[in-house]
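# Structural overview for review
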Protein chains: 2
Amino acid sequence: MAKQISDLKLGILGGGQLGRMLIQQGLNYNLTTHVLEPDAEAPCKDIASKFTVGSLTDYDTVYNFGKDVDIITIEIEKVNTEALEALERDGKIVYPQPRVINLIKDKGVQKQFFVENDIPTAPFKLVSSKNDLLNAPFNFPFILKQRKDGYDGHGVMKINSEADIERAFEEPSLIEQLIDFEKEVAVIVARNEDGETSTFPMVDMEFNSEANLVEFLVSPSEFSLEIQEKGKEIAIKIAKILNITGILAVEMFVTKDGQLLVNELAPRPHNSGHQSIEGNYTSQYEQHLRSIFNLPLGNTDLRGSAVMINLLGEKEHTGLANYEGLNNVLKLSGANVHLYGKKYTKPFRKMGHITVVDNDRSKAIEKANYIKNNFKITSK
Amino acid sequence: MAKQISDLKLGILGGGQLGRMLIQQGLNYNLTTHVLEPDAEAPCKDIASKFTVGSLTDYDTVYNFGKDVDIITIEIEKVNTEALEALERDGKIVYPQPRVINLIKDKGVQKQFFVENDIPTAPFKLVSSKNDLLNAPFNFPFILKQRKDGYDGHGVMKINSEADIERAFEEPSLIEQLIDFEKEVAVIVARNEDGETSTFPMVDMEFNSEANLVEFLVSPSEFSLEIQEKGKEIAIKIAKILNITGILAVEMFVTKDGQLLVNELAPRPHNSGHQSIEGNYTSQYEQHLRSIFNLPLGNTDLRGSAVMINLLGEKEHTGLANYEGLNNVLKLSGANVHLYGKKYTKPFRKMGHITVVDNDRSKAIEKANYIKNNFKITSK
């Protein structure tokens, strides 16, 4: 008899909120989960079937972790892919595939992949020294991005002048022409082992410029159906060229003249899909599980408009988290609170999110703005 | 600073699927949960913050368990209420209140409560011996119900003749006139500590007559708005008279001439509210947490039609569970699978449920029927 999802052990590299929400969905399938994570207090700690504290970048740690499970997936790209490749050779299933993780974890390689495959993206150049920055083929301001290990605004810098070059980091990086975009949007695509693909409707992302983090996410996108269709085609094209199994978030800029330029990929559940838990018939977490366990993909249609607010720790607060104004949120119809099980807050730390669902898109946005002003995460 | 839900420890008496789904919802609030349950392999085992194997009916076990938590609730009525009363005297919060559990756990006392408070219910008589049955004030057939500890069709018997009386159980029981009802329906009402009340829209229950278990649940009810309104009024009336804090499921018969007769109460999350997870803006689990933590109650409006199918173990199968036809289910748009983490199946054991959501009620029913015929839980 074929093995079923409820008989299998899923190994997850990374124990943060993305892993936590993946496990929450997996509970509905009796899925056994084993998490590897360096932080002993990470969000998955209490809900994984087994939680192992260890390095995600150490070959032996990852290899030994993987030997104990049936299928391995990730919730973060910064993992030891050599160990994953060895596990693949041993016959373990690793989704997304290590070669996909390798391609995506290096933003330079990612950009070259876009160019080679006629995927629209902003002009860029790989750089390795301050000298390269002085000889940039772009006018100021331009963007400097670390090729590896950037996250949540870390490893990205806007270079406005020669003085900024002095302060720039000297990691292997790329520089990119500053795009005068209208908005950033995202499309999540899923591809299962059989090659079935499915996309989620496009969402609009609104950034908190101070934290350089997504603050709001609005579903559906306000862009035309033509632009949404184009985004969907780009996402499916990338998933097919990569032959990825799993979900893939495709972040794109919409330029002022209506062009889509791919910014970045993430081969895993992504911040731009949180609203799908309540906003769509199938969530990104469910869809990722269906993809990697080769189950039929779910219907991604909207169940209504949804606005997701990232709950970031307040600026001047570090310590035991305190959720101020929770009652204000709970009085709003359609507000769904998701806290990530983090005991301590710090400035701009992602502590949770709230998704407001409403049939009326503008009302959902209004409620999200109310939450932004009436709910705060402070320290005690 | 006032204590918040994320700072508190919730003790749950009972570790079955109702507790499991309550914990799943509590995860979104960083809620710490401690479960007491006699079965070491029960559904809450892997997801409770702490899981203690022990008797729910033993005074010392329940009392010592309760001393360690901040708020105590139940997912089953068969618990030692003397211990809960002692904990209340010690200053612990126990919701629902022990006096409510006491009233409801004895179906005889429950019936007397209905009569005393002008709540419509089927005519009945308390009995204690076979002799009482021979002198029943009702014609055959009538219903014999054990006063305490019945569940899922256990402790209920239809008495068709004197021969059946011979086979009847001799527990303290009640007999009830057989109601020629059109259908059984349920309304779940919530009441928080502040006294705010809110009801879920009425649902229709369809029984599997062989297993004497709810097989389908259809939301919303097909009865007239007038009957639905009447059901809502009855549910609120009962919650207010009881002064209950928490949720209360009110099961009712709709007679052929459109009268509502209250059948039974359950002061906890209930099988008739499972569909609310996807079918309503707020689920019964969320609403129970909001009630007992005295948070504002959520909007219970429907997000569409929903049909819930209980997944019962197949008749002649006992052993390690096997989920046959899962792919058939996952191909249906709007089908949400909830397995309860039970390793072993046995005939008619509740192994999980599936909720189908669809804007078209008849399509949701059609899909549920398809699932009934194309998904089976067998043993390996």
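Named according to an unreviewed UniProt entry, chain A is N5-carboxyaminoimidazole ribonucleotide synthase originating from Pedobacter flavus. Under the UniProt heading Pathway (unreviewed entry), the entry covering chain A gives this text: "Purine metabolism; IMP biosynthesis via de novo pathway; 5-amino-1-(5-phospho-D-ribosyl)imidazole-4-carboxylate from 5-amino-1-(5-phospho-D-ribosyl)imidazole (N5-CAIR route): step 1/2." Heading Subunit (unreviewed entry) of the UniProt record for chain A holds this comment: "Homodimer."

On the chain A side, the residues contacting the 42 residues of chain B number 42 residues. Interface area for chain B against chain A, summed over the two sides, is near 3,700 Å², with a carbon-plus-sulfur share of 46%. When the buried area of chain B at its contact with chain A is split by residue, B:Asn28, B:Arg303 and B:Leu330 rank highest and sum to 17% of it. Between the two partners, chain B and chain A, sit 2 salt bridges.

You can read the domains of chain A as domain 1 (5-94), domain 2 (123-177) and domain 3 (181-379). Measuring from the centre of the C-alpha atoms in domain 1 of chain A to the corresponding centre in domain 2 of chain A gives 33 Å.

Right, let's get into the packing of helix H3 (residues 81-89) of chain B against helix H4 (residues 98-105) of chain B. Residues and elements named next belong to chain B. Contact pair H3 / H4: the axes reach a minimum separation of 9 Å and the direction vectors enclose 165 degrees. Taken together, the axis directions place H3 and H4 in an arrangement best described as roughly antiparallel. In the packing of H3 onto H4, the handedness of the crossing is left-handed. Residues Thr81, Leu84, Glu85 and Glu88 of H3 form the contact with H4, whose own contacting residues are Pro98, Ile101, Asn102 and Lys105. Classifying every residue of the contact of H3 with H4 by side-chain character gives 3 nonpolar, 2 polar and 3 charged.

Take the packing of aromatic side chains next. Applying the stated criterion across every chain, the model contains 10 aromatic pairs over all chains. Taking 5.6 Å as the distance between ring centres and 15 degrees as the angle between the ring planes, the aromatic pair formed by B:Phe140 and B:Phe142 counts as stacked. The exposure class of B:Phe140 is partly exposed, given its relative accessible area of 38%. With a relative accessible area of 0%, B:Phe142 lands in the buried category. Taken together, the aromatic side chains of A:Phe138, A:Phe140 and A:Phe142 make up a single cluster linked through ring pairs. Its end group placed over the ring of A:Phe216, A:Lys372 keeps NZ or CZ at 6.0 Å from the ring centre.

So, on to the nonpolar core. Judged by nonpolar contacts, the single largest core of 92 residues is most densely connected at A:Phe293, A:Ile354, B:Phe293 and B:Ile354. Here B:Ile354 is in contact with B:Val307, B:Met308, B:Ile309, B:Leu311, B:Val329, B:Ala335, B:Asn336, B:Val337, B:Ile371 and B:Phe375, once residues within four sequence places are set aside.

Another point: the UniProt feature "binding site: ATP" (unreviewed entry) in chain A. Residue and element names in this part refer to chain A. Within this structure's numbering, the places UniProt gives as "binding site: ATP" (unreviewed entry) are Lys107, Lys145, Glu176, Gln177, Leu178, Ile179, Glu184, Asn263 and Glu264. Residue position: Lys145 is located in strand S7 (residues 142-146). Filtering out sequence-adjacent residues up to four positions away, Lys145 remains in contact with Lys107, Gly155, Val156, Phe169, Ser173, Leu174, Glu176, Asn263 and Glu264. Inspection of the secondary structure assignment puts Asn263 in strand S15 (residues 260-266). There is a polar contact of 3.2 Å between the side chain of Asn263 and the side chain of Glu184.

What follows deals with the relation of the copies chain B and chain A. Taken as rigid bodies, chain B and chain A are interconverted by a rotation of 180 degrees and an axial shift of 0.0 Å, the fit giving an RMSD of 0.0 Å. Both chain copies can therefore be described as sitting about a two-fold axis. The C-alpha atom lying nearest the rotation axis in chain B is that of B:Ile47; the distance is 2.8 Å. When you check the interface residues of chain B against chain A, 100% turn up at the interface there too, and the contact is symmetric in its surfaces.

This chain's UniProt record puts "domain: ATP-grasp" (unreviewed entry) on residues 111-293 of chain A. Secondary structure across residues 111-293 of chain A comprises 26% helix and 34% strand; the distance between its end C-alpha atoms is 30 Å.

Let us now look at the sheet that holds strand S6 (residues 124-127) of chain B. Residue and element names in this part refer to chain B. Spatial strand order, S6-S9-S7-S8: 4 strands in an open sheet with antiparallel pairing. Because the sheet does not close on itself, it has two edges, and the strands there are S6 and strand S8 (156-159). In this sheet, neighbouring strand axes are inclined to one another by 25 degrees on average, regardless of whether the strands run parallel or antiparallel. One ladder, built from 5 bridges, connects strand S7 (residues 142-146) with strand S9 (residues 173-177); its direction is antiparallel. Paired with Phe142 across the bridge in S9 is Gln177. Here helix H5 (residues 107-116) sits on the sheet in contact with S6, S7 and S9, set at roughly 145 degrees to S6.

This next bit is on unusual backbone geometry. Note that the residue after A:Phe140, namely A:Pro141, is joined by a cis bond; omega there is -15 degrees. When you line up the elements, A:Pro141 lands in the loop between helix H6 (130-134) and S7. Following B:Tyr95, the chain continues to B:Pro96 via a peptide bond in cis, the omega torsion being -5 degrees. Assignment of secondary structure puts B:Pro96 in the loop between strand S5 (93-94) and H4. Residue B:Asn294 is not a glycine yet carries a positive backbone phi of 50 degrees. According to the relative accessible area criterion, B:Asn294 is buried, its value standing at 19%.

As a further point, take the pattern of salt bridges. Tallied over the entire structure, the rule returns 40 salt bridges over all chains. In this structure, the salt-bridge partner of A:Arg167 is A:Asp164, at a minimum N-O distance of 2.3 Å. Placement of both A:Arg167 and A:Asp164 in helix H7 (residues 162-167) is noted, with a separation of 3 residues, approximately one turn of the helix. Judged by its relative accessible area of 58%, A:Arg167 falls in the exposed class. A salt bridge links B:Lys50 to B:Asp68, with the shortest nitrogen-to-oxygen separation between them at 3.5 Å. Of the two residues, B:Lys50 sits in strand S3 (residues 50-53) while B:Asp68 sits in the loop between helix H2 (59-67) and strand S4 (71-74), which places them 18 residues apart along the sequence.

Attention now goes to the pairing of strand S13 (residues 213-219) of chain A. Residue and element names in this part refer to chain A. In terms of burial, S13 is largely enclosed, as 7 of its 7 residues are buried. Where strand S12 (residues 203-208) and S13 come together, 5 bridges link them in antiparallel fashion. What sits directly across from Phe207, in S13, is Val214. Adjacent in sequence and paired antiparallel, S12 and S13 are bridged by 4 residues, among which Asn212 carries a positive phi angle near 55 degrees. Of the pairings in the sheet, the one linking S13 to strand S16 (residues 305-312) comprises 4 bridges and is antiparallel in character.

Further remarks concern helix H1 (residues 17-26) of chain B. Extensive coverage of H1(B) is indicated by the burial of 10 of its 10 residues. Among the residues making up H1(B), those that are buried are B:Gln17, B:Leu18, B:Gly19, B:Arg20, B:Met21, B:Leu22, B:Ile23, B:Gln24, B:Gln25 and B:Gly26.

All names here are of chain B. Secondary-structure assignment places Lys376 in strand S21 (residues 376-379). On the basis of relative accessibility, which here comes to 30%, the residue Lys376 falls in the partly exposed class. For Lys376 and Ala40, which are 336 residues apart along the polypeptide, the C-alpha to C-alpha distance reads 26 Å. If we ignore the near neighbours within four places in the chain, the residues touching Lys376 are Glu314, Asn322, Tyr323 and Glu324.

Let us now look at the packing of H1(B) against helix H10 (residues 284-292) of chain B. Residues and elements named next belong to chain B. Running from N to C, H1 and H10 point in directions that differ by 75 degrees, and their axes come no closer than 9 Å. One finds that H1 runs roughly perpendicular with respect to H10. Here H1 contributes Leu18, Met21, Leu22, Gln25 and Gly26 to the contact with H10, which in turn contributes Tyr285, Glu286, His288 and Leu289. Residue composition of the contact of H1 with H10, grouped by class: 5 nonpolar, 3 polar and 1 charged.

Calculation rules
Residues numbered from 1 in each chain as written. Chains lettered and ligands numbered in written order. Predicted model: local features only at pLDDT ≥ 70, side-chain atom pairs only at ≥ 80, totals over all residues. Heavy atoms only, no water. UniProt positions renumbered as here; feature names shortened; annotations may be inferred. Contact = heavy atoms within 4.5 Å. Buried area = accessible area lost by both parts, 1.4 Å probe. Salt bridge = Lys/Arg side-chain N within 4 Å of Asp/Glu carboxyl O. Domains from an automatic or database assignment. Axes fitted to C-alpha atoms, helices over the stretch in contact; angles between N-to-C directions. Helix = DSSP H or I, 4+ residues; strand = E, 2+ residues; numbered from the N terminus. Parallel < 35°, antiparallel > 145°, perpendicular 65-115°, else oblique. Left-handed = near helix turned anticlockwise from the far one by under 90°. Nonpolar A, V, L, I, M, F, W, Y, C, P; charged D, E, K, R; others polar. Phe/Tyr/Trp six-rings, centres within 6.5 Å; stacked < 30°, edge-to-face > 60°. Buried < 20%, exposed > 50% of the residue type's maximum accessible area, 1.4 Å probe, protein only. Lys NZ or Arg CZ within 6 Å of the ring centre and 35° of its normal. Core = buried A, V, L, I, M, F, W, Y, C linked by side-chain atoms within 4.5 Å. Polar contact = N/O pair within 3.5 Å; in protein donor to acceptor, adjacent residues only side chain to side chain. Least-squares fit on C-alpha atoms with pLDDT ≥ 70 in both. Pairing = 2+ DSSP bridges.

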